[in-house]
Each structure stands twice: as structure tokens, then as C-alpha cells.
Amino acid sequence: MEIKKNFDRLSREARELLDLKIEEIKLSFVERLSLLFADTLSWLAVIIFLLLSLLCMLAAFVVVISLYVGLLPALFIAAAMLLMVAWLFYAARGTLFRNVMVARFYKMFFNKNEQSDEQE
């Protein structure tokens, strides 16, 4: 009888441990997703303000250049500058975005807490 009680207690504790591990995984997933969305929204806000400031600087550049060469050539110069910047972003897209995103996801999903848990 003692063996049956011990086995029942062991199976109940194993089930509780499994439930706790499942809850831990769920909470960890929620925490990491919330960090991802917070980072995404903050970077989106920074990019929007940066683009608005660059747009204002471009308009000021066109106004200053138009005083010397006229409006239409100044607009063509601004368009050529935008095309060169777009080409530079396209050429450097791997190092600018992919490597940064891979490093960020790696830090997010493989943090030191998990490594220390696995070593124990």
C-alpha cells in the first residue's frame, strides 16, 4: 500500500511540475512578445519623427537651392539625392536590418536566465 501511495504522490507531483513548466513557458512567451511589440512601437515612433525631420530638411534644402538654380532643377537635385539614399539603403540592407534583427531576436529568446537554468 505504501508503494501505491508513493507512486500516486509522485505522479501527482510530476503532473504539477509539468503544469508549472507549461505556465512558465506561456509567461515567458508573453513577456518576450510584449518586449518585441514595445521595441517595435518605439522604433516606429523614432523612425516617423526622423522621417518628418528629414522631410523638413529636404524642403529647406530645396528652398535654398531654388534661390540659386531655380525651382525645377532644385527639385531634380533633391530627387536624385533621394534616389542615391534609397540605393544606399538597398545595397546595405543586409547589414542594416538582417544582422541587427537576428542579434535582437537571439538576445530576446535565448537570454542568460535560460542558460543558467539549463546548467543547474
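Definitions and limits used
- Residues numbered from 1 in each chain as written.
- Predicted model: local features only at pLDDT ≥ 70, side-chain atom pairs only at ≥ 80, totals over all residues.
- Heavy atoms only, no water.
- Helix = DSSP H or I, 4+ residues; strand = E, 2+ residues; numbered from the N terminus.
- Buried < 20%, exposed > 50% of the residue type's maximum accessible area, 1.4 Å probe, protein only.
- Salt bridge = Lys/Arg side-chain N within 4 Å of Asp/Glu carboxyl O.
- pLDDT = per-residue confidence, 0-100.
- Expected span 1.5 Å × (residues − 1).
- Patch = residues over 30% accessible without salt bridge, like charges linked within 9 Å, V, L, I, M, F, W, Y side chains within 5 Å.
- Areas by Shrake-Rupley, 256 points an atom, 1.4 Å probe, with all protein chains shown as cover.
- Axes fitted to C-alpha atoms, helices over the stretch in contact; angles between N-to-C directions.
- Parallel < 35°, antiparallel > 145°, perpendicular 65-115°, else oblique.
- Left-handed = near helix turned anticlockwise from the far one by under 90°.
- Contact = heavy atoms within 4.5 Å.
- Nonpolar A, V, L, I, M, F, W, Y, C, P; charged D, E, K, R; others polar.

### Observations concerning the overall build of the protein
Along its length, the protein carries 4 helices and 0 strands. From first element to last, N terminus to C terminus, the protein shows the α and β order α-α-α-α. In the protein, which comprises 120 residues, the proportion classed as buried is 8%.

### Digging into the pattern of salt bridges
By the definition in use, this model includes 3 salt bridges. Put simply, Glu24 and Lys21 hold a salt bridge, and the shortest N to O gap is 3.5 Å. Placement of the pair is Glu24 and Lys21 together in helix H1 (residues 2-69), with a separation of 3 residues, close to one helical turn. Put simply, Lys26 and Glu23 hold a salt bridge, and the shortest N to O gap is 3.9 Å. Within this pair, Lys26 and its partner Glu23 are both found in helix H1, separated by 3 residues, close to a single helical turn. You can call Glu23 partly exposed: its relative accessible area is 41%.

### Let's talk about the confidence of the model for the protein
The predicted model of the protein averages 84 in pLDDT, with 89% of residues at 70 or higher. At the level of individual helices and strands, the protein shows its lowest average pLDDT in helix H4 (residues 112-119), which scores 54, and its highest in helix H2 (residues 71-91), which scores 92.

### Some thoughts on H1
Residues lying three or four places apart along an α-helix face the same way, a consequence of the helix completing one turn every 3.6 residues. In this model H1 runs 98 Å from its N-terminal to its C-terminal C-alpha over 68 residues, within 8% of the 100 Å that 1.5 Å per residue would give. Residues of H1 that are buried: Ser28, Arg32, Leu36, Leu58, Val62 and Ser66. Immediately beyond the C-terminal end of H1, within one or two residues, lies Gly70, with a positive phi of roughly 105°.

### Some words on a nonpolar patch on the surface
A contiguous nonpolar surface patch, about 730 Å² in accessible area, is contributed by Trp43, Val46, Ile47, Leu50, Leu51, Leu54 and Met57. As for its position among the elements, Ile47 is in helix H1. Since its relative accessible area comes to 42%, Ile47 is described here as partly exposed.

### A look at the environment of Arg104
With respect to the secondary-structure elements, Arg104 resides in helix H3 (residues 93-109). On a C-alpha basis, the gap between Arg104 and Leu36 in space is 9.3 Å, while along the polypeptide they are 68 residues apart.

### Regarding the packing of H1 against H2
Where H1 contacts H2, the two axes come as close as 7 Å, and the packing angle between them is 140°. By the angle between their directions, the pair H1 and H2 is classed as oblique. The two elements H1 and H2 cross, and the hand of that crossing is right-handed. Residues Leu58, Phe61, Val62, Ile65, Ser66 and Val69 of H1 lie in contact with H2, whose contacting residues are Leu71, Pro73, Ala74, Leu75, Ile77, Ala78, Met81 and Leu82. Residue composition of the contact of H1 with H2, grouped by class: 13 nonpolar, 1 polar and no charged.

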